[in-house]
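Observations on the model geometry
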Amino acid sequence: MVIAAHLRRALMGMVCVLAASANATAQTVAPVAIRNARIVPVSGAPIDGGTIVLANGLIKAVGTKVDVPAEAVVIDGTNLTVYPGLIDAFSDLGMATPTPPPAPGAGSGSARAAVRGPEDRPGSTPWVQAAEEFRADDRKIETWRNGGVTTVVTAPRGGIFPGQAAVVNLNGQRREEAVVRGAVAMPLSMSPPAGGGTFPGSTMGVVAYVRQVFLDTRHTADVTRRYEQDPRGKARPEHDRTVRALQTALQAKLPFLLPAGNQMQIDRMIALAREFDVPVVLYGAQEGYAAATRLARAKVPVLVSAKWPEKSKDADPDADETLDTLEVRDRAPGTPAALAGQNVPFAFYSDGLSGPGEFLANVRKAVKAGLPADAALRALTLGAAQIYGVQDRLGSLEAGKIANLIVVQGDLLGDKSSVKHVFVDGRRFEIPADAGAQPAAARGGRPSQGEQR
Amino acid sequence: MIRHVTVATALVVVTASGWSARAQGTASVTAIRNATVLTVTKGTIDKGTVVIRNGKIAAVGANVDVPRGATEIDGTGLYLMPGIIDAHSHIAVDGSVNELSLSVTSMVGIEDVLDPSDVDIFRGLAGGVTTANVLHGSGNAIGGKNAVIKLRWGKDARALLFEGAPPGIKFALGENPKRASQAANNADRRYPATRMGVIDVIREAFVEARAYQSKWRAYDAAVKAGDRAATPPARDLKLEPLVEILDGKRLVHAHSYRADEILQLLRLAEEFKFRVATLQHVLEGYKVADEIAKHGAGASTFSDWWAYKFEVIDAIPYNPALMVQRGVVVSINSDSAEEHRHLNQEAAKTMKYGGLTEEQALKLITLNPALQLGIDKRVGSIEVGKDADLVLYSAHPLSTFAIPQRVLIDGVVYFDRDTDLKDREVRAKRKQALEDKEKTGSSQRPAAPDTTPKPETTPRSEDAR
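Residues numbered from 1 in each chain as written. Chains lettered and ligands numbered in written order. Predicted model: local features only at pLDDT ≥ 70, side-chain atom pairs only at ≥ 80, totals over all residues. Heavy atoms only, no water.

What to know about the overall build of chain A
Broken down by element type, chain A carries 14 helices and 16 strands. Relative to its 453 residues, chain A shows a buried fraction of 56%. Of the contacts formed within chain A by residues at least 6 apart in sequence, a portion of 69% connects residues at least 24 apart. (Helix = DSSP H or I, 4+ residues; strand = E, 2+ residues; numbered from the N terminus. Buried < 20%, exposed > 50% of the residue type's maximum accessible area, 1.4 Å probe, protein only. Contact = heavy atoms within 4.5 Å.)

Quick look at the structure:
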């Protein structure tokens, strides 16, 4: 067994090396200076003819009058623009599906366990950490990085409480080096995990379950505190890992990510957030264009799905669609503009889009629908970092921050732009000439579950 | 903890009513003049006038002064009746109406999943329905909590709620909870599979609820006695509603058909000292009408809908009238997003089958369901002080020719047939414009491949009757 484990580790090492050499030339040693470029720090005004120096994975200096170390590799930035690396604010990159082992009622296969009620914690694995499950060998990582996405907030999938999200840099390194910060948010799904059959088998069942779990979490905290003060003569509190993980999340004031696509769901989730008395971030928001004032009033940040609703390719062309359906499709890309207009903090997430090309193309649609380009860029960078509390290290080009940046020919949010260089943690990644032409998903897809990192 | 619940509900009520009053600007005065007013409780007024102030009926009569500046609605040739109350509905529910997984699902509630965009709200409204008792399905012996709503089409989910309506819950007897236990419907064949099992499940639940109730009573007593170290019991969302039933604070709406199961439930309720608010469907109610009347349960039934399964073969069209004549408070419900558009006609059938009077027939869809739902102080008849929930019909509502012209809730016109007919053209144009826009847009750019896994959705399941 031990030998097998060693062998596997050795093999894994080889895979990593191969992957790294195949992917890109990651340069760790020398500092880099990009000179004479237009620099868009996001946190401040754009700098024309500026220089940015990266060293030891961090941004060392940004400005027009910056000392370039003698040993630095110098890149001529003439006619190029430097932006902070883009952040996909909610993803499952590097996650197996489903990430945690199926919880009771998760409904995979015939051997699903019977659920007697909320006490069996169906679809709940909130203790699972994306920071511990991230698979650095996910082949889609390269696709996203090539398109300018240097950081993802990735989270386990499957179930009602699938586990905790992590901020991960797409730096091509081991998981331990890729994770920027673990446990940044607790996502929830409100879909019945088994699609019926076992509890909860309906949307109202999921709401009732989540409500009960929050009550149990707070009750257990109270009972445990009393018990620890003096256990004598008292019933021993249960050791419930779902409740314990949620208790930790509540103490850390982690935001709970709640799904809310249409207005009904947005209203419902705002109400539930108030009822549960937890900090929340809503995700989806296709109909956010009609709910911006309510979101502003509720002071709820939003992760906007960049997957604008579209008519299904397989839809019957003669099928009659309702006016409401058509209006949602027409107006959904106007959501970010509406949110910006009401000063609702928001970021974008890819929501299953095939790659960064589509992701950015859809953000451009939001710009065409009225979102100011600088607000779009902020949502893709510093705005996302702020929602997850990592704005002190990511999201803008400032000395001392992590050296995640992209060098772009043309205006990133204009129609004709191409990403020339990507730096993640100061590592430079060359962009293959055909990058973006074909998404990796189409070439190979995600690694199968059998593959080990 | 039960107290917490009540306080929370009260807060919601205050917020909701405050909100609607502001949003609708109900400070205005409306007068409907010269209509045939069917008050339901105080006879018919020819050429009557109804004055509405702040959403409430302020005056009713043949000779009523209309305040200056009032918005006037001409009721000449039209019939005005109280808004229809549908005591059994499944409209406006997001997702499944059944939490089918367990035999006792009192932890779930319709209020959590109200869908204000469901077009069936509008369709019911256009059929004269102003209030509906939206119930959980009948798959479980003890189903989920209900939501009594007003059909305020265009408002959000919270604004649909009938402020102050007593909370209720669905129970179900007979074939449906049995069948839902079969393997085809459940991953694991659940208990119960027989009628004896169904009543046993309900009994077990109340035994459990009593134990839970006494735990809380002991805690409350300890706190009252000054015991600051007392540990509160864990709240159990399944048992809380059952304790509310025992405390007489939550209404039981029990899906039932056969005489034997009806008696079974009434006896169990009497054993646990609560009253069943309504027996739903209750197609064999005529066989045990005296027992139902004695218990004080309401009966909410169909006019002539039966034979869709074995347990309903003894149904007769005289059922509502026979129960009325035995002193049962009877209503006729829709249980259907089609039938709720013509409940007036369903009520009219009881005049043919059983010889009810016009007023008795009208009560089946107005005052009686209001009594059953505990909202009769607010709605169900045209009386001063009640909510101005009104329907203006083109003909006598018990005629098959009657078509609702306007429907008001809280004095606000939520449906106007003329406006709707005009609006259809506007909507058709808007739709065409959007379709054209999409076609031109998509010809420039091929649609992106859809690689995302589709979310698991539960098909909207019809309530098995």
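Considerations on the pattern of salt bridges
Applying the stated rule across the entire model yields 53 salt bridges over all chains. Between Arg174 of chain A and Glu177 of chain A there is a salt bridge, and its shortest N-O distance comes to 3.1 Å. Looking at Arg174 of chain A, the relative accessible area reads 42%, which means it is partly exposed. We classify Glu177 of chain A as partly exposed; its relative accessible area is 36%. Note that Asp392 of chain A and Arg393 of chain A form a salt bridge whose closest N and O atoms lie 2.8 Å from each other. When its relative accessible area of 25% is taken as the criterion, Arg393 of chain A is described as partly exposed. Bridged by salt links that share partners, the residues Lys56, Lys150, Arg152, Glu163, Arg378, Asp387, Asp389 and Asp410 of chain B form one connected network. (Salt bridge = Lys/Arg side-chain N within 4 Å of Asp/Glu carboxyl O.)

Regarding the interface of chain A and chain B
Every contact between the two is made by 52 residues of chain A and, on the other side, 50 residues of chain B. The junction of chain A with chain B conceals about 4,000 Å² of combined surface from both sides, 53% of it contributed by carbon and sulfur atoms. Linking chain A with chain B are six salt bridges, by the criterion used here. Here Asp94 of chain B makes a salt bridge to Arg268 of chain A, at a shortest N to O gap of 2.9 Å. Elements represented by at least two residues in the side of chain A that touches chain B include exactly α5 (203–229), α7 (263–276), α9 (323–331) and α11 (356–368) of chain A. For the side of chain A that touches chain B, the leading source of residues is α5 of chain A, giving 13 residues. Grouping the amino acids of the side of chain A that touches chain B by side-chain chemistry returns 18 nonpolar, 13 polar and 21 charged. (Buried area = accessible area lost by both parts, 1.4 Å probe. Nonpolar A, V, L, I, M, F, W, Y, C, P; charged D, E, K, R; others polar.)

Description of the sheet that holds strand β6 (residues 84–89) of chain B
All names here are of chain B. With mixed pairing, the three strands of this open sheet are ordered in space as β6-β7-β9. Of all strands in the sheet, those bounded by a partner on one side alone are β6 and β9 (147–150). The average angle at which neighbouring strand axes cross in this sheet is 20°, direction not considered. (Pairing = 2+ DSSP bridges. Axes fitted to C-alpha atoms, helices over the stretch in contact; angles between N-to-C directions.)

Section: the packing of aromatic side chains
Under the counting rule described, the total for this entry stands at 20 aromatic pairs over all chains. Plain terms: the ring middles of Tyr283 of chain A and Tyr349 of chain A are 6.2 Å apart, the flat faces sit at 85° to each other, and that makes the pair edge-to-face. Of this pair, Tyr283 of chain A sits in strand β11 (residues 280–284) while Tyr349 of chain A sits in strand β13 (residues 346–349); the two residues are 66 residues apart in sequence, bridging distant segments of the chain. On the basis of relative accessible area, Tyr283 of chain A is assigned to the buried category, the value being 14%. You can call Tyr349 of chain A buried: its relative accessible area is 4%. One aromatic cluster in this structure is built from Phe161, Phe214, Phe256 and Phe276 of chain A. When the ring centre of Phe429 of chain A is taken as reference, the NZ or CZ atom of Arg145 of chain A above it lies at 3.8 Å. The ring of Tyr353 of chain B is capped by Lys352 of chain B, whose NZ or CZ atom sits 5.7 Å from the centre of that ring. (Phe/Tyr/Trp six-rings, centres within 6.5 Å; stacked < 30°, edge-to-face > 60°. Lys NZ or Arg CZ within 6 Å of the ring centre and 35° of its normal.)

Some words on α5 of chain A
Here α5 of chain A spans 39 Å end to end across 27 residues, near enough to the 39 Å set by a 1.5 Å rise per residue. α5 of chain A sits mainly inside the fold: 20 of its 27 residues count as buried. (Expected span 1.5 Å × (residues − 1).)

Things to note about the sheet that holds strand β14 (residues 330–332) of chain B
Residues and elements named next belong to chain B. Spatial strand order, β8-β10-β11-β12-β13-β14: six strands in an open sheet with mixed pairing. Sheet topology places β8 (142–145) and β14 at the edges, where each strand pairs with a single neighbour. Strand-to-strand, the axes of this sheet are offset by a mean angle of 25°, without reference to chain direction.

Some details on the environment of Gln432 of chain B
All names here are of chain B. Among the secondary structure elements, Gln432 is positioned in helix α13 (residues 417–444). Note on Gln432: relative accessible area 40%, which makes it partly exposed. It is 48 Å that separates the C-alpha atoms of Gln432 and Thr41, two residues lying 391 residues apart in sequence.

A word on the side chain of Asp94 of chain B
Inspection of the secondary structure assignment puts Asp94 of chain B in the loop between β6 and α2 (119–126). Given the relative accessible area of 17%, Asp94 of chain B is considered buried. Side-chain polar atoms of Asp94 of chain B contact the side chain of Arg268 of chain A, separated by 2.9 Å. Non-local contacts of Asp94 of chain B, meaning those with residues more than four positions away in its chain, are made with Thr203, Met264 and Arg268 of chain A together with Val113 and Asp115 of chain B. (Polar contact = N/O pair within 3.5 Å; in protein donor to acceptor, adjacent residues only side chain to side chain.)

Comments concerning the packing of α11 of chain A against helix α12 (residues 373–380) of chain A
Residues and elements named next belong to chain A. It is at 9 Å that the axes of α11 and α12 come closest, and there the two elements cross at 140°. At the point where α11 passes α12, the crossing takes the right-handed sense. On the side of α11, the interface is formed by Phe359, Leu360, Val363 and Val367, while α12 contributes Ala373, Ala376 and Leu380. Per-class residue counts for the contact of α11 with α12 are seven nonpolar, no polar and no charged. (Left-handed = near helix turned anticlockwise from the far one by under 90°.)

Here's the deal with the nonpolar core
Among the nonpolar cores identified, the biggest contains 177 residues, and Phe256 and Phe348 of chain A are the most heavily contacted of them. Per-element accounting of this core gives the leading share, eleven residues, to helix α5 (residues 195–224) of chain B. Leaving out residues up to four positions away in the same chain, Phe256 of chain A has contacts with Phe161, Met186, Leu188, Phe214, Leu246, Ala249, Leu250, Val278, Pro279, Val280 and Val281 of chain A. Core analysis: the second largest hydrophobic core is formed by 23 residues, Ala89, Phe90, Ala185 and Ala347 of chain A among them. (Core = buried A, V, L, I, M, F, W, Y, C linked by side-chain atoms within 4.5 Å.)

Overview of unusual backbone geometry
The omega torsion across Phe199 of chain A and Pro200 of chain A is -10°, close enough to zero to call that bond cis. On the secondary structure map, Pro200 of chain A appears in the loop between β9 (179–187) and α5. Each neighbour pair has its own omega, and for Tyr191 of chain B with Pro192 of chain B the value is 10°, a cis peptide bond. Relative to the elements of secondary structure, Pro192 of chain B occurs in the loop between α4 (175–179) and α5. Residues other than glycine seldom take positive phi values, yet Asn36 of chain A does so here, at roughly 60°.

Here's the deal with the environment of Ala33 of chain A
All names here are of chain A. Structurally, Ala33 is set in strand β1 (residues 32–39). Taking the C-alpha atoms as reference points, Ala33 and Val62, separated by 29 residues in sequence, lie 9.7 Å from one another. Residues within four places of Ala33 in sequence aside, it is in contact with Ile52, Val53, Val68, Ala72, Val73, Val74 and Ile75.

Some remarks on the confidence of the model for chain A
In low-pLDDT regions, the fine details of the predicted coordinates are not to be read closely. All names here are of chain A. Averaged over all residues, the pLDDT of chain A equals 88, while 85% of them reach at least 70. Below pLDDT 50 for its whole length, residues 7–27 participates in twelve contacts with residues either more than four positions away or in separate chains. Contacts of residues 107–111 to residues separated by more than four positions or lying in other chains number three contacts, the stretch itself having pLDDT below 50. (pLDDT = per-residue confidence, 0-100.)

Remarks on the packing of α5 of chain B against helix α7 (residues 259–271) of chain B
All names here are of chain B. Direction vectors running N to C along α5 and α7 enclose 15°, while the axes themselves pass 11 Å from each other. By the angle class used here, α5 and α7 are roughly parallel. Judged by the twist between their axes, the crossing of α5 over α7 is right-handed. The residues of α7 that touch α5, namely those facing Arg195, Ile199, Ile202, Arg203, Phe206 and Arg210, are Glu261, Gln264, Leu265, Leu268 and Glu271. Along the lines of polarity and charge, the residues of the contact of α5 with α7 split into five nonpolar, one polar and five charged. (Parallel < 35°, antiparallel > 145°, perpendicular 65-115°, else oblique.)

Looking at the pairing of strand β7 (residues 129–134) of chain B
Residue and element names in this part refer to chain B. For β7, a buried count of six out of six residues is recorded, marking the element as mostly surrounded by other parts of the structure. Of the strand pairs in this sheet, β6 and β7 are connected by four bridges, and their pairing is parallel. Bridge pairing in β7 links Ile85 to Thr131. The parallel pair β6 and β7 is bridged by α2, and the resulting crossover is right-handed. Sheet topology note: the β7/β9 ladder contains four bridges and is antiparallel. In the sheet register, Asn133 faces β9, and the bridge partner there is Val148. (Right-handed = clockwise from strand over helix to strand, strands pointing away.)

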